[in-house]
Amino acid sequence: MYVSNLSFHTTDEDLKSLFSDFGEVSSSKVITDRETGRSRGFGFVEMPEEADAKKAMEELDGKDIEGRALSVTVARPKEQRSGGGGGGSFSQNRKRW
């Protein structure tokens, strides 16, 4: 899941804790700026059970956390950028919850 409008001091563990109320969280990652290490205000959460992920999305999307209304949606594969650079292989058929 793609989670945006996070507080800038939210950690990976905070994100995991928030979503673990709805089921097992296999991974949680707050994206940070490469140069400053500061949160960019969004992250990703993976949950192995689709039903748990859907429930978390329903309950957390729009919820006020630390004065910010979260946006929680299904994550989409990163779009290819032109101009080179290596990229990892991501299975297009794999759902990311």
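Structure first, text after, so check above.
This text gives an overview of the structure that appears in the document. Since the model is a prediction, treat every value here as computed from it, not as a measurement.

**Quick look at the overall build of the protein**
Looking only at helices and strands, one finds two helices and six strands in the protein. Starting at the N terminus and ending at the C terminus, the protein contains elements arranged as β-α-β-β-α-β-β-β. The buried share of the protein, taken over its 97 residues, is 29%. Long-range pairs, those at least 24 residues apart, make up 56% of the contacts in the protein between residues at least 6 apart in sequence.

**A closer look at the pairing of strand β3 (residues 39-46)**
Counting buried positions along β3 gives six out of eight residues, so the element sits mostly inside the fold. Where strand β2 (residues 27-32) and β3 come together, five bridges link them in antiparallel fashion. The residue of β3 that forms the bridge with Ser-28 is Val-45. Between β2 and β3, which follow one another and run antiparallel, lie six residues, and Gly-37 among them has a positive phi close to 80°.

Conventions used here
Residues numbered from 1 in each chain as written. Predicted model: local features only at pLDDT ≥ 70, side-chain atom pairs only at ≥ 80, totals over all residues. Heavy atoms only, no water. Helix = DSSP H or I, 4+ residues; strand = E, 2+ residues; numbered from the N terminus. Buried < 20%, exposed > 50% of the residue type's maximum accessible area, 1.4 Å probe, protein only. Contact = heavy atoms within 4.5 Å. Pairing = 2+ DSSP bridges.

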